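# Remarks on the overall topology
One-letter residues, chain by chain:
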Amino acid sequence: MRKQFILSIVLFLTVLSFALAHLTDDNLENFQYNAELVSVAPIVDGYLDDPVWDEALPAKIDQDIMNGRQWQESNDFTGSFKAVWRSGFLYIAIKLRDDQIEKQQSKLFREDHLVLHVDPQHYHGKDEFNRYEIPIGMESSALKGSLSAVAWGNDGQTCELSFRLGGIASKDSIIGFCIAYNDVDNGQIENKIAWGPKGYTEQEFRLPDLVFNASINPNAQQKLIRWGQIKNLY
Ligand SMILES: [Ca+2]
Ligand SMILES: [Ca+2]
Ligand SMILES: [Ca+2]
């Protein structure tokens, strides 16, 4: 009897820990970033001093996708990002802190690098075509597909990117999105930390949502801009 009791406790704890660490559909469906429409686009120069970045909400890069657990902020790695949109472009600002920066190595797996997924159709999931691998400090040679600009600042601690998405960047559109940092310390990949829901791992094929929000009324904005142009005539 006692043995059975212990066995059922062990079973219960196993199921519980699996449920806590495992990605559920609800976790993924309820997880999203709301990118706001802004009236002035940020300048992609690697420095996050544009006024729009003060207003955008930060999202933590704190899901350890090697083991599906939450990453505890430490000297080893801390990161966050923000996103806004304007005139067919999605803009991303990233802040990183890493205790050992490994850059300009001959192989990608020996360099600290960002891994982004941007899936405009939101049905491909993670695939090669929507995957962007960007080593710290790499700018024009990182460009491909819809990634139209990359700039680093503050010795690789800040980064700005823009994606040209055309009509997809419009009110209430939803795209598949993920951002991760592959942390190379002492010559090898030590950590992979992402923005993702509880239980999210690198094996998971599905992507979280990024929603194009427009809290400000675009028509009112356009009227303001037109009014500004009229005023300039006088
Ligand atoms: Ca900037
Ligand atoms: Ca590190
Ligand atoms: Ca590193």
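Residues numbered from 1 in each chain as written. Chains lettered and ligands numbered in written order. Predicted model: local features only at pLDDT ≥ 70, side-chain atom pairs only at ≥ 80, totals over all residues. Heavy atoms only, no water.

## As for the coordination of the calcium ion (ligand 2)
In ideal tetrahedral geometry, four donors around a metal make angles of 109.5 degrees, whereas ideal octahedral geometry with six donors gives angles of 90 or 180 degrees. Coordination of the calcium ion (ligand 2) by the protein involves Asp76 (O), Asp76 (OD), Asp98 (OD), Asp99 (OD), Asp183 (OD), Asp183 (OD), Asp185 (OD) and Asp185 (OD), with metal-donor separations of 2.3 to 2.9 Å. Within one chain, the residues serving as donors to the calcium ion (ligand 2) are arranged as D-x21-D-D-x83-D-x1-D. A gap of 3.9 Å separates the calcium ion (ligand 2) and the calcium ion (ligand 3), which Asp98 links by coordinating each metal. Judged by relative accessible area, which is 0%, Asp183 ranks as buried. Residue classification places Asp185 among the buried residues on the basis of a relative accessible area of 4%. (Donors = N, O, S within 2.8 Å, 3.2 Å for Na, K, Ca; no water. Buried < 20%, exposed > 50% of the residue type's maximum accessible area, 1.4 Å probe, protein only.)

## Some remarks on the coordination of the calcium ion (ligand 1)
Within the protein, Ile43 (O), Asp45 (OD), Tyr47 (O), Asp50 (OD), Glu160 (OE) and Glu160 (OE) serve as the donor atoms for the calcium ion (ligand 1), at 2.3 to 2.5 Å. Around the calcium ion (ligand 1) sit six donor atoms; with metal-centred angles ranging over 51 to 159 degrees, the donor geometry is irregular. All donors of the calcium ion (ligand 1) come from a single chain, and their spacing in sequence reads I-x1-D-x1-Y-x2-D-x109-E. With Asp45 in the loop between β1 (32-37) and α3 (51-55) and Glu160 in strand β10 (residues 158-164), the pair connects residues that are 115 residues apart, well separated along the chain. Residue Asp45 is classed as partly exposed on the basis of its relative accessible area, which comes to 32%. Overall, Glu160 belongs to the buried group, its relative accessible area being 1%. (Tetrahedral: all angles 85-135°; square planar, octahedral: opposite > 155°, others 65-115°. Helix = DSSP H or I, 4+ residues; strand = E, 2+ residues; numbered from the N terminus.)

## Thoughts on the packing of aromatic side chains
Applying the stated rule across the entire model yields nine aromatic pairs. With a centroid separation of 5.6 Å and an interplanar angle of 80 degrees, the aromatic rings of Trp85 and Phe212 are classed as edge-to-face. Linking Trp85 in strand β5 (residues 77-86) with Phe212 in strand β13 (residues 209-213), this pair joins segments that are 127 residues apart in sequence. As far as burial versus exposure is concerned, Trp85 and Phe212 are alike and both buried. Summarising the aromatic geometry, the rings of Tyr132 and Phe163 are spaced 5.1 Å apart at their centres and angled 75 degrees between planes, so their arrangement reads as edge-to-face. Of this pair, Tyr132 sits in strand β8 (residues 131-135) while Phe163 sits in strand β10; the two residues are 31 residues apart in sequence, bridging distant segments of the chain. The class for Tyr132 is buried, based on a relative accessible area of 3%. Since its relative accessible area comes to 0%, Phe163 is described here as buried. (Phe/Tyr/Trp six-rings, centres within 6.5 Å; stacked < 30°, edge-to-face > 60°.)

## Quick look at unusual backbone geometry
At Asn154, a residue that is not glycine, the phi angle is positive and equals roughly 50 degrees. Along the polypeptide, Asn154 turns up in the loop between β9 (147-153) and β10.

## Overview of the environment of Asp45
Taking the C-alpha atoms as reference points, Asp45 and Ala151, separated by 106 residues in sequence, lie 5.1 Å from one another. Residues within four places of Asp45 in sequence aside, it is in contact with Ala151, Trp152 and Glu160. (Contact = heavy atoms within 4.5 Å.)

## A word on the environment of Asp99
Relative to the helices and strands, Asp99 resides in the loop between β6 (89-98) and β7 (113-119). Judged by its relative accessible area of 44%, Asp99 is partly exposed. Taking the C-alpha atoms as reference, Asp99 lies 9.5 Å from Asp183; in sequence the two are 84 residues apart.

## Description of the nonpolar core
Within the largest apolar cluster, 45 residues are counted, with the highest numbers of intra-cluster contacts made by Phe81, Leu90, Ile92, Ile94, Ile134, Leu161 and Phe163. Sort the elements by how many residues they give to this core and β6 lands first, with six residues. In this structure Ile92 touches Trp53, Phe81, Lys82, Ala83, Cys159, Glu160, Leu161, Phe163, Phe177 and Ile179, once residues within four positions along its chain are discounted. Core analysis: the second largest hydrophobic core is formed by nine residues, Leu28, Cys178, Tyr200 and Leu207 among them. (Core = buried A, V, L, I, M, F, W, Y, C linked by side-chain atoms within 4.5 Å.)

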